[in-house]
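Listed here are the chains, written in short residue letters.
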Amino acid sequence: MVEYLEVGVQLKARFAADGQLYTAEVLEISKSKKWKATPVKVHYLGYGKEDDAWLPISDIRSRKFPREAQLPAHPKITVTTLEKGMHLQVLADDGVWYAAKVLQVSKAKNTVKVNYLGYTATSNEWVGPEKLRSKALSTQGRSSDRSKKTQVV
């Protein structure tokens, strides 16, 4: 698939920290065996050079790729394995991960109501799985039995 790309092409690239796709530009393409797993270096437009990254083809979406070669998106993260009382981390609006406790789980809406540890009930909020960090989180199709009782503080 690397053969369809060239330096300077704009595309969508998955950012590892949050799993979301962002507009990026190809900086470098490596044909070296050393970089076989992550052959494309991208720069996320509007972000600093410190966020530039080498990515696998599976984390890139481009119109340059043939349609049949477009890879499926990452599986959807679900909150079905989380339970009331579990501890996890939540990404707040200020970009910092805070320790929190699960108060309620809404499987229908795929959200969790959390209480930030050390804060009052007025800071409780509903958050989606994209803002949660826990070993107990599952993706569709993955067995959830092994991570059901895991707690992360």
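Values in this document were obtained by computation on a predicted structure and should not be read as measured data.

**Student:** Got a sec to walk through the overall build of the protein? Specific residues and values, please.
**Tutor:** The number of helices and strands found in the protein is zero helices and 12 strands. Taken from the N to the C terminus, the helices and strands of the protein come in the order β-β-β-β-β-β-β-β-β-β-β-β. Counting contacts in the protein only where the partners sit at least 6 residues apart, residues at least 24 apart contribute 39% of the total. A total accessible area of about 9800 Å² is found for the protein, and carbon and sulfur atoms account for 51% of it.

**Student:** Talk me through the environment of F15; I want residue IDs and the actual numbers.
**Tutor:** Within the secondary structure, F15 is located in the loop between β1 (10-14) and β2 (21-29). Of the residues examined, F15 reaches a relative accessible area of 23% and is grouped as partly exposed. Sequence spacing of F15 and D59 is 44 residues, and the spatial spacing of their C-alpha atoms is 8.2 Å. Sequence-distant contacts of F15, that is, excluding residues within four places in its chain, are made with Q20, Y22, Y44 and D51.

**Student:** Please provide a residue-by-residue account of the packing of aromatic side chains, values included.
**Tutor:** Applying the stated criterion to the full structure yields seven aromatic pairs. Note on F15 and Y44: the rings are 5.3 Å apart at their centroids and 85° apart in plane angle, and the pair reads as edge-to-face. With F15 in the loop between β1 and β2 and Y44 in strand β3 (residues 40-44), the pair connects residues that are 29 residues apart, well separated along the chain. Relative to Y116, the ring of Y98 has its centre 6.2 Å away and its plane inclined at 85°; by these criteria the two rings are edge-to-face. Taken together, the residues Y98 in strand β8 (residues 97-106) and Y116 in strand β9 (residues 111-116) connect sequence positions 18 residues apart. The exposure class of Y116 is buried, given its relative accessible area of 7%. These aromatic residues form a ring-pair network of at least three members: F15, Y22, Y44 and Y47. Here R133 stacks its cationic end above the ring of W97, 4.1 Å away from the centre of that ring.

**Student:** Any details on the side chain of S134? Residues and values, ideally.
**Tutor:** Relative to the assigned elements, S134 resides in the loop between β11 (132-133) and β12 (138-139). In terms of polar contacts, S134 uses its side chain to reach the backbone amide nitrogen of A136, at 3.0 Å.

**Student:** Can you break down the layout of surface pockets residue by residue, with the values?
**Tutor:** The space that makes up the second largest pocket amounts to roughly 170 Å³. Here the residues of the lining of the second largest pocket are counted per class, giving seven nonpolar, one polar and three charged.

**Student:** Describe in detail the environment of G19, supporting the description with residues and values.
**Tutor:** Here G19 is to be found in the loop between β1 and β2. Along the backbone, G19 and E130 are 111 residues apart, and their C-alpha atoms lie at a distance of 8.0 Å.

**Student:** I'd like to hear about the pattern of salt bridges, residue by residue, with values.
**Tutor:** Where charged atoms of side chains with opposite charge meet at close range, the side chains can pair. Scanning all chains against the criterion turns up one salt bridge. The partner of D59 in a salt bridge is R14, and the shortest N-O contact between them spans 3.7 Å. Taken as a pair, D59 in the loop between β4 (53-55) and β5 (60-61) and R14 in strand β1 lie far apart in primary sequence, 45 residues in all. Neither residue differs from the other here; D59 and R14 are each classed as buried.

**Student:** With reference to specific residues and values, describe the side chain of N110.
**Tutor:** Position of N110 relative to the elements: it lies in the loop between β8 and β9. Since its relative accessible area comes to 12%, N110 is described here as buried. Discounting chain neighbours no more than four positions away, the residues touching N110 are K76, I77, T78, V79, G128 and P129.

Calculation criteria
- Residues numbered from 1 in each chain as written.
- Predicted model: local features only at pLDDT ≥ 70, side-chain atom pairs only at ≥ 80, totals over all residues.
- Heavy atoms only, no water.
- Helix = DSSP H or I, 4+ residues; strand = E, 2+ residues; numbered from the N terminus.
- Contact = heavy atoms within 4.5 Å.
- Areas by Shrake-Rupley, 256 points an atom, 1.4 Å probe, with all protein chains shown as cover.
- Buried < 20%, exposed > 50% of the residue type's maximum accessible area, 1.4 Å probe, protein only.
- Phe/Tyr/Trp six-rings, centres within 6.5 Å; stacked < 30°, edge-to-face > 60°.
- Lys NZ or Arg CZ within 6 Å of the ring centre and 35° of its normal.
- Polar contact = N/O pair within 3.5 Å; in protein donor to acceptor, adjacent residues only side chain to side chain.
- 1 Å grid on protein atoms, 1.4 Å probe; cavity = no way out; pocket = protein on both sides within 12 Å on 5 of 7 lines; lining within 4 Å.
- Points joined across faces, edges and corners; volume = space filled by probe spheres on them.
- Nonpolar A, V, L, I, M, F, W, Y, C, P; charged D, E, K, R; others polar.
- Salt bridge = Lys/Arg side-chain N within 4 Å of Asp/Glu carboxyl O.

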